[in-house]
Amino acid sequence: MLLREQRELVVEYGKKLVTTGLTDGTFGNLSVFHRESGLMAISPSGMDYFATTPADVVVTDLEGNIVEGDRKPSSELDLHRLFYQRRPDVNGVVHTHSTFATVLACLGWSIEPVHYLVAYAGRQVPCIPYYPFGSLELAEAAWEGMKTDYNACLLGNHGLLSVGGSLSFAFDAAQQLEFLAKVYYHTRLAGGGVQLTPEQLDAVLGKFQSYRQA
Ligand SMILES: [Zn+2]
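Cut-off values and rules
Per chain, residues are indexed from 1 in the order of the written sequence. A pLDDT threshold of at least 70 governs which residues receive local features in this predicted model, and a stricter bar of 80 or more applies before side-chain atom pairs are shown or counted, although totals over entire chains, interfaces and linings include all residues. Note that water and hydrogens are dropped before the side-chain values are worked out from all heavy atoms of the structure. Listed donors are limited to N, O and S atoms within 2.8 Å of the metal, widened to 3.2 Å for Na, K and Ca; water is not among them, so incomplete-looking sites are possible. Helix and strand assignments come from DSSP, with helices taken as H or I runs of at least 4 residues and strands as E runs of at least 2, each series counted from the N terminus. Only protein chains enter the accessibility calculation, which uses a 1.4 Å probe; a residue whose area is less than 20% of its type maximum is buried, one above 50% is exposed, and one in between is partly exposed. Strands were regarded as paired on the criterion that DSSP finds at least two bridges between them. The rule is simple: put a 1 Å grid over the protein atoms alone, call a set of points where a 1.4 Å probe fits but cannot get out a cavity, call an open set with protein on both sides within 12 Å along at least five of seven lines a pocket, and count a residue as lining if it has an atom within 4 Å of a point. Grid points are joined across faces, edges and corners, and a volume is the space filled by probe spheres set on the points. Within this document, salt bridges are pairs made up of a side-chain nitrogen of Lys or Arg and a carboxyl oxygen of Asp or Glu, the two lying within 4 Å of each other. Residues are grouped as follows: nonpolar covers Ala, Val, Leu, Ile, Met, Phe, Trp, Tyr, Cys and Pro; charged covers Asp, Glu, Lys and Arg; every other residue, Gly included, is treated as polar. Here a polar contact is taken to be a pair of N or O atoms separated by no more than 3.5 Å, where protein atoms must pair a possible hydrogen donor with a possible acceptor and residues adjacent in sequence count only if both atoms sit in side chains. Contacts between residues were defined by any pair of non-hydrogen atoms, one from each residue, lying within 4.5 Å. The pairing test for Phe, Tyr and Trp rings, Trp by its six-membered ring, is centres within 6.5 Å, and the orientation test on the planes gives stacked under 30 degrees, edge-to-face over 60, and tilted for anything in between.

*Asks:* Can you break down the coordination of the zinc ion residue by residue, with the values?
*Replies:* Taken together, His-95 (NE2), His-97 (NE2) and His-158 (NE2) make up the protein donors of the zinc ion, found 2.0 to 2.1 Å from the metal. We note that the donor set of the zinc ion lies within a single chain, spaced as H-x1-H-x60-H. Remark: His-158 occurs in the loop between β7 (152–155) and β8 (159–164) and His-97 occurs in the loop between β5 (92–96) and α3 (99–107); sequence separation between them is 61 residues. With a relative accessible area of 11%, His-158 lands in the buried category.

Below, the structure written as structure tokens:
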């Protein structure tokens, strides 16, 4: 079996998406990239996370061709592969419809830096316009919104996308940014919230750099 270790990670973190409340049912998707072979392991389309086994995880190349697996890969395949193609620092991608991130995505609000955990994404969490799910347009728009400046964005009228050097980082980012989305929503309703200064952000981004490498 190709990419057994990566497939096991996809199964493990898929269950964590449900147990941590980041997704319901079969929504969301995740993948791990194996840079040496140029192949990725991605969750199957529309399959219960607790029924998914490593054999159900699909292995594709970065053009989106299935290399091994009987299942249909996630409909958001393009959203994953573009980041692996274009960013040498990205080896894990997570996409969720977690509640508060999705509320903000439906309001079209980017998340301003009212809490230091914004550093999981960068200086803010940008919100991109709506594009149909599963489309190459959506993947390209997410890339345009993030490029190498951000590790996450809100997909307009849809949900959250996060990327990282590992699946573990991308998952942590999805979880912490859901908390941030909830905090930001409430601070805005309460009249605003105090934004971190550029200097304060620089300091926390520097700390994150060393924390991530540790
Ligand atoms: Zn989605």
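Alright, that's what it looks like, and here's the rest.
*Asks:* Residues and numbers for the pairing of strand β2 (residues 39–42), please.
*Replies:* By the alternation rule, side chains of β2 split into Leu-39 and Ala-41 and Met-40 and Ile-42, which are all buried. By the bridge criterion, 4 bridges tie strand β1 (residues 29–34) to β2 in an arrangement that is antiparallel. Counted as the bridge partner of Ser-31 is Ile-42 from β2. Between β1 and the antiparallel strand that follows it, β2, lie 4 residues; Gly-38 among them carries a positive phi value of about 75°.

*Asks:* Now, about empty space enclosed by the protein: what can you tell me, with residues and values included?
*Replies:* In the structure shown here, the tally under the stated rule is 1 cavity of 30 Å³ or more. Lining the largest cavity we find Val-10, Val-11, Gly-14, Lys-15, Ser-43, Pro-44, Tyr-49 and Thr-52.

*Asks:* Break down the pattern of salt bridges for me, citing the residues and quoting the values.
*Replies:* By the definition in use, this model includes 8 salt bridges. For Arg-86, the salt bridge goes to Glu-140, with nearest N and O atoms at 3.0 Å. Of this pair, Arg-86 sits in helix α2 (residues 77–86) while Glu-140 sits in helix α4 (residues 136–146), and the two are 54 residues apart along the sequence. Its relative accessible area of 29% is what places Glu-140 among the partly exposed residues. The partner of Arg-87 in a salt bridge is Asp-89, with the nearest N and O atoms 2.8 Å apart.

*Asks:* Before we move on, could you go through the layout of surface pockets and cite the residues and values that matter?
*Replies:* The gaps of empty space that remain are located by a probe, the size of a water molecule, rolled over the atoms. Taken as a whole, the largest pocket spans an internal volume of roughly 300 Å³. Lining the largest pocket are 19 residues; nearest its centre among them are Phe-27, Asn-29, Ser-75, His-97 and Phe-133. A per-class count over the lining of the largest pocket returns 6 nonpolar, 12 polar and 1 charged.

*Asks:* Residues and numbers for the side chain of Asp-61, please.
*Replies:* You can see Asp-61 is positioned in strand β3 (residues 58–61). Here the side chain of Asp-61 touches Glu-63 through a polar contact of 2.9 Å, landing on its backbone nitrogen. Within the local environment of Asp-61, its side chain forms a polar contact with the backbone nitrogen of Gly-64, the two atoms lying 3.0 Å apart. Once residues within four sequence positions are removed from consideration, Asp-61 is found in contact with Gly-38, Leu-39 and Val-67.

*Asks:* Explain α4 to me, and be specific about the residues and the numbers.
*Replies:* Those residues of α4 not exposed but buried are Leu-138, Ala-139, Ala-141, Ala-142, Trp-143 and Met-146. Structurally, α4 contributes buried residues whose contacts are with α2, β6 (127–128), β7 and β8. Among the residues trailing α4, Lys-147 stands out with phi positive, at a value near 40°.

*Asks:* I'd love a proper account of the packing of aromatic side chains, names of residues and values included.
*Replies:* Within the structure shown, the criterion is met by 8 aromatic pairs. Geometrically, the ring pair formed by Phe-33 and Tyr-84 is stacked, given 4.9 Å between the ring centres and 20° between the ring planes. In this pair, Phe-33 sits in strand β1 while Tyr-84 sits in helix α2, placing the two residues 51 residues apart along the sequence. When sorted by exposure, Phe-33 lands in the same class as Tyr-84, which is buried. Each ring, one from Tyr-120 and one from Phe-208, has its centre 5.0 Å from the other, and the planes form 80°; the classification is edge-to-face. Taken together, the residues Tyr-120 in the loop between α3 and β6 and Phe-208 in helix α6 (residues 198–213) connect sequence positions 88 residues apart. You can call Tyr-120 buried: its relative accessible area is 5%. Taking relative accessible area as the criterion, Phe-208 reaches 9% and is therefore assigned buried.

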